[in-house]
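A closer look at the structure
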Amino acid sequence: MVKRITSAIRIKLRVSIVLVMAVLAMPAAGDSGIDLHWLWDDRCADCHGHAGDFSRKFLSVSGDRLQGRHNVNDLHRFLRNHYLAGNQVDAVYNMLLAQANNQARFKGECASCHDTVTRFVKHSLELRDGVLFSRNSGRPVSDFLGHHRKLNPDDVKFFTDVLTRVAREVYRP
Ligand code: HEC
Ligand code: HEC
């Protein structure tokens, strides 16, 4: 009897440990604010590879609309029936649109020292009231970039915008 009770407790303990580990493995935010880069890696990357490369290679922008190679007229509707649900559809659509609109300049000009843009943002930068700051120095990124790598004012704006957009995709409200 005692043996049966202890083994029941042991099984329950094991189940709780597995549950706790599953919760810890999930990103911190709830479903509405799920990190889009985590979501892509978890649910899309096996078939489509890296998100930025995929959107720049296979998608295009016409006016303010994103078009696929096959799904030209309503990519938004296609995505609703393709591994995404609820508010993730808009969020992923907007991420792909922004990527398709942008050349991969971070990859070409910054990644050799800073790794991928997503990893750099997660590791080094944070948003405070919508403004991007260095975690380390507490300085606004736009100030810092004015004295980094001889970037001109247009470049500073370009890279501040790219990094801020990626931070919004990672740290969603
Ligand atoms: C199991 C493989 C698989 C997974 C997982 C997957 N896709 Fe796809 N996806 C495909 C295939 C195959 C097509 C081509 C179908 C077509 O164009 O009709 C496609 C097409 C697309 C297209 C349109 C391309 C075009 O040219 O019209 C987009 C955008 C897209 N997927 C996004 C995503 C996103 C976002 C996710 C994750 C939430 C995802 N896919 C997950 C296999 C996958
Ligand atoms: C040759 C290497 C190199 C390249 C290329 C480079 N950086 Fe840096 N970057 C650094 C180093 C080293 C630091 C940290 C030291 C410092 O304060 O300068 C840094 C710091 C930063 C920071 C502040 C990070 C923090 O934790 O405070 C930002 C933002 C940044 N870089 C953005 C960029 C962008 C955007 C590009 C591409 C246009 C770029 N970097 C290209 C080497 C590089």
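Now for a look at the structure at hand. Computed from a predicted model, the values in this text were never measured in an experiment. (Residues numbered from 1 in each chain as written. Chains lettered and ligands numbered in written order. Predicted model: local features only at pLDDT ≥ 70, side-chain atom pairs only at ≥ 80, totals over all residues.)

Things to note about the site of ligand 1
Inspection of the region around ligand 1 gives 17 residues, with Cys44, Cys47, Gly68, Arg69 and His70 positioned closest. Among the elements of the structure, helix H3 (45-48) and helix H5 (75-80) are those that each provide at least two residues to the shell around ligand 1. Along the lines of polarity and charge, the residues of the shell around ligand 1 split into nine nonpolar, five polar and three charged. (Near = placed C-beta within 6 Å. Helix = DSSP H or I, 4+ residues; strand = E, 2+ residues; numbered from the N terminus. Nonpolar A, V, L, I, M, F, W, Y, C, P; charged D, E, K, R; others polar.)

Thoughts on the site of ligand 2
The environment of ligand 2 is formed by 15 residues, the closest being Cys110, Cys113, Ser124, Ser134 and Phe159. Mapped by element, the contributors of at least two residues to the shell around ligand 2 are helix H8 (111-114) and helix H10 (141-145).

Quick word on the packing of helix H4 (residues 51-58) against helix H6 (residues 88-101)
At a minimum axis distance of 8 Å, the contact between H4 and H6 shows a crossing angle of 65°. Our classification of the angle between H4 and H6 gives roughly perpendicular. The way H4 lies across H6 gives a crossing that is right-handed. On H6, the residues touching Ala51, Gly52, Ser55 and Arg56 of H4 are Met95, Leu96, Gln99 and Ala100. Partitioning the contact of H4 with H6 into residue classes produces four nonpolar, three polar and one charged. (Axes fitted to C-alpha atoms, helices over the stretch in contact; angles between N-to-C directions. Parallel < 35°, antiparallel > 145°, perpendicular 65-115°, else oblique. Left-handed = near helix turned anticlockwise from the far one by under 90°. Contact = placed C-beta atoms within 7 Å.)

Comments concerning helix H11 (residues 153-170)
For the α-helix, the turn length of 3.6 residues means that residues three or four positions removed from each other point alike. Here H11 contains 18 residues, and its C-alpha end-to-end distance of 26 Å stays within 8% of the 26 Å for a straight helix at 1.5 Å per residue. Residues of H11 that are buried: Phe159, Thr160, Leu163, Val166, Ala167, Glu169 and Val170. Considering only its buried residues, H11 is in contact with helix H2 (36-43), H6, helix H9 (117-124), strand E3 (125-128), strand E4 (131-134) and H10. (Expected span 1.5 Å × (residues − 1). Buried ≥ 20, exposed ≤ 12 C-beta atoms within 10 Å, placed from the backbone.)

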